[in-house]
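# Coordinate inspection notes
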Amino acid sequence: MADPVNSSSYGQPEKLIHNLKPSSVIGLATSCLKGWETWQYVVTIFLGLVVYDQVMYIYRKGSIAGPSFKIPFMGPFLQALDPKFDGYLAQWASGPLSCVSVFHKFVVLASDRDLAHKVFKSPQYTEPCIVPIAKDLLSHKAWVFLTGKVHVEFRRGLAPLFTSKALSTYLPVQEKVLGEYFDRFVAISEANNGKPTAFMTSFREIQCALSLRTFFGDYISEDAVKRIADDFYKVTAAMELVNVPFSMYIPFTKQWIGKKVADEVHEEFARAAGACKKNMATGAAPICTIDHWVLNMLESNRYRERIAAGEEGVEKPANLIREFTNMEISETLFTFLFASQDASSSATTWMFQILAQRPDVLDKVREENLAARGGDRTKPFDLEMIESLTYTNAVVKELLRWRPPVIFVPYLALKDFPVTPDYTVPKGSMIIPSCYPALHDPAVYPNPEYFDPDRWITGDAETKTKNWLVFGAGPHDCLARRYVPMSFAGMIGKASLELDWTHHATPRSEEIKVFATLFPMDGAQLVFKKRKWD
């Protein structure tokens, strides 16, 4: 048989490669593999994939912190199923940029404050992705995933939902919900004979009820509120940082269950949107978020109709918006609920626990709220009252710093992202700016692990705006940055006047559980009683 390679090419690699023909290469490969058993093919292919997986990980990792090698294919997937807060602390401490790789997904964490700001403020390179499955649960068309001008316009249409006028109308609804749930807290403790109970689940329920009544008023039934409050955590459970591929299509997996719950909630919200449109068309006054949004649509439609009819001198609405479909309204308020549910449940849990642990702080809150009501502890709160509560608002701010309800926000790199002069995040990777390290920076917040509301009054914490990443930054920062503190100040002020509660510490009370956000590992062991005034 003639030599398939011209002998004159030996010793000259360029000529050797140039003279190789596809048929020659195939012939050589066939000769080498001839006689192999099936298992040899399988092992060779497997080892080739392992090597490829490692090489790609090392290439993407570059010079940033992270494991030197990756567990083949899955990486730290098992740890991701039950993440430990100490693991996050170690990851953040390992460097301003660090990485992991789980299955096919390469993940870069930015723990440095300035790098976090850069990610938040680089929409040309990134878009919010929460987790890979998020678009399937929230909707691929949800406004939080929009970018550029379309996102700006959509967001502008939502801004009136958080004005002082709108916020004022939400407070009576919240006062009513709080009163009902405070009675339930007392009843739970009485039913347990005054023994401590884990209240974390109850705090999830009260926050879900507060959100749903604030967003939808009475357009959603009590049964629907209860059902959504019971089931919505399954949506959160489905949103693991990295999922098993195609798990959403496998019956009874967390992702499959989460999608089922999400679809049911979307339908309920769309039905409520239709009911709202009918009601507001009668000239009803707005009392909830969806009322204000629909009213804004009606005013915008009337303006356009008058202009189209040839009228002159028609006053243009302050916020001229388009008509939104029932499903668009549903998808938007679903994102509101998703964004608020776990974060507000976490903050509520830590708030009641720390105030029980710090009676000195609770006494000051109680004293300030009683004075603001002129000594009448039954007087309802309003926006002006809440904004006048200097110490209570400092307590809320310190809580959001001390136990931030959002510890990071995942983004997707739309293209290669030169996040530093020395490192470029590869296209398709997740890049996750972290909020927790900036809020616990001892150079900015002395003794950061100590709960100290006075740092916002007599200290300089109020001036450290660049570290205040509780609500993110950039074009996708949280719309509710004013609503959230207002809501919490109203809640703890009312609770301080109507309730007494004690915390029963366990060895796991200060241990942090990570479930989308931060919770005490023991679920917050508390006992509630009606407050008796002398």
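Refer to the preceding data block for the structure.
We now turn to the structure provided with this report. (Residues numbered from 1 in each chain as written. Predicted model: local features only at pLDDT ≥ 70, side-chain atom pairs only at ≥ 80, totals over all residues. Heavy atoms only, no water.)

## A closer look at the overall build of the protein
A tally of regular secondary structure across the protein gives 20 helices and twelve strands. Taken over 534 residues, the protein has a buried fraction of 49%. Once local pairs closer than 6 in sequence are excluded, the contacts in the protein between residues at least 24 apart make up 72%. Looking at the protein as shown, the accessible area adds up to about 25500 Å², and 60% of this sits on carbon and sulfur atoms. Here the protein contributes 59 positive and 60 negative side-chain charges, whose respective centroids are spaced 3 Å apart. (Helix = DSSP H or I, 4+ residues; strand = E, 2+ residues; numbered from the N terminus. Buried < 20%, exposed > 50% of the residue type's maximum accessible area, 1.4 Å probe, protein only. Contact = heavy atoms within 4.5 Å. Areas by Shrake-Rupley, 256 points an atom, 1.4 Å probe, with all protein chains shown as cover. Lys, Arg positive; Asp, Glu negative; His and termini not counted. Charge placed at Lys NZ, Arg CZ, Asp CG, Glu CD.)

## What about the nonpolar core?
In terms of nonpolar packing, the biggest core is built from 144 residues, with I290 and F528 touching the most fellow members. Those residues within four positions of I290 in sequence are excluded, and the remaining contacts are F215, F216, Y219, A272, A273, C276, I329 and L333. (Core = buried A, V, L, I, M, F, W, Y, C linked by side-chain atoms within 4.5 Å.)

## A look at the sheet that holds strand β8 (residues 430-433)
If you walk across this open sheet you meet the five strands as β1-β2-β8-β5-β3, and the pairing is mixed. Of all the strands in the sheet, just β1 (97-102) and β3 (126-128) have a single pairing partner and so form its edges. Between one strand axis and the next, the sheet turns through 30 degrees on average, direction left out of account. As paired elements, β3 and strand β5 (residues 411-413) share three bridges and run antiparallel to each other. In the sheet register, T126 faces β5, and the bridge partner there is A413. (Pairing = 2+ DSSP bridges. Axes fitted to C-alpha atoms, helices over the stretch in contact; angles between N-to-C directions.)

## Describing the packing of helix α13 (residues 254-280) against helix α14 (residues 289-308)
Here α13 crosses α14 at 55 degrees, and the two axes come no closer than 10 Å. One way to sum up the angle between α13 and α14 is to call them oblique. Classified by chirality, the crossing of α14 by α13 is right-handed. Across the interface between the two elements, A272, A273, C276, K277 and M280 of α13 pack against I290, D291, V294, L295 and L298 of α14. Residues belonging to the contact of α13 with α14 are distributed by class as follows: eight nonpolar, no polar and two charged. (Parallel < 35°, antiparallel > 145°, perpendicular 65-115°, else oblique. Left-handed = near helix turned anticlockwise from the far one by under 90°. Nonpolar A, V, L, I, M, F, W, Y, C, P; charged D, E, K, R; others polar.)

## Focus on the packing of helix α18 (residues 390-402) against helix α20 (residues 483-498)
The interhelical angle for the contact between α18 and α20, taken along N-to-C directions, is 115 degrees, at an axis separation of 9 Å. By crossing handedness, the relation of α18 to α20 is classed as right-handed. Contacts between α18 and α20 involve T392, N393, V395 and V396 from the former and P485, F488, A489 and I492 from the latter. When grouped by side-chain class, the residues that make up the contact of α18 with α20 number six nonpolar, two polar and no charged.

## A word on the pattern of salt bridges
Taken as a whole and assessed by the stated rule, the structure comprises 33 salt bridges. The salt bridge involving K135 is made with E127; its shortest N-O contact spans 3.2 Å. Given the relative accessible area of 24%, K135 is considered partly exposed. The network of salt bridges with common partners includes D363, R366, D500 and R531. (Salt bridge = Lys/Arg side-chain N within 4 Å of Asp/Glu carboxyl O.)

## A short note on the state of the cysteines
Cysteine pairs can be linked by a disulfide, which is a covalent bond between their two sulfur atoms. One pass over the full model with this rule turns up zero disulfides. For the unlinked cysteine C129, the closest cysteine sulfur is that of C435, found at 14 Å. Counting only cysteine sulfurs, C478 is the nearest neighbor of C435, a cysteine outside any disulfide, at a range of 11 Å. On the basis of relative accessibility, which here comes to 0%, the residue C435 falls in the buried class. (Disulfide = S-S within 2.5 Å.)

## Section: unusual backbone geometry
In this structure, F103 takes a positive phi of about 55 degrees despite not being glycine. Inspection of the secondary structure puts F103 in the loop between β1 and β2 (105-110). With relative accessibility at 23%, the residue F103 sits in the partly exposed group. Look at N193: it is not a glycine, yet its phi comes out positive at around 55 degrees. Relative to the helices and strands, N193 resides in the loop between α9 (164-191) and β4 (197-198).

## Comments concerning the packing of aromatic side chains
Taken as a whole and assessed by the stated rule, the structure comprises 38 aromatic pairs. Both rings, one in F185 and one in F199, keep their centres 5.5 Å apart while their planes meet at 80 degrees; by these two values the pair is edge-to-face. Of the two residues, F185 is situated in helix α9 and F199 in the loop between β4 and α10 (200-216); the sequence distance between them amounts to 14 residues. For the pair shown, F185 and F199 are each scored as buried. For the ring pair F252 and W256, a centre distance of 5.0 Å and an interplane angle of 55 degrees mean the geometry is tilted. Residue W256 is classed as partly exposed on the basis of its relative accessible area of 27%. Three or more aromatic residues joined by ring pairs make a cluster, and in this case those are W143, F154, F162, Y170, F215, W293, F324, F336 and Y483. The positively charged end of K135 is found above the aromatic ring belonging to F145, 5.4 Å away from the centroid. (Phe/Tyr/Trp six-rings, centres within 6.5 Å; stacked < 30°, edge-to-face > 60°. Lys NZ or Arg CZ within 6 Å of the ring centre and 35° of its normal.)

## Details of the environment of H476
Considering the arrangement of structural elements, one finds H476 in the loop between α19 (436-439) and α20. Spatially, the C-alpha atoms of H476 and P123 are 9.0 Å apart, while their sequence positions differ by 353 residues. When near neighbours in sequence (up to four residues on either side) are disregarded, H476 contacts P128, V144, L146, H151, R155 and Y411.

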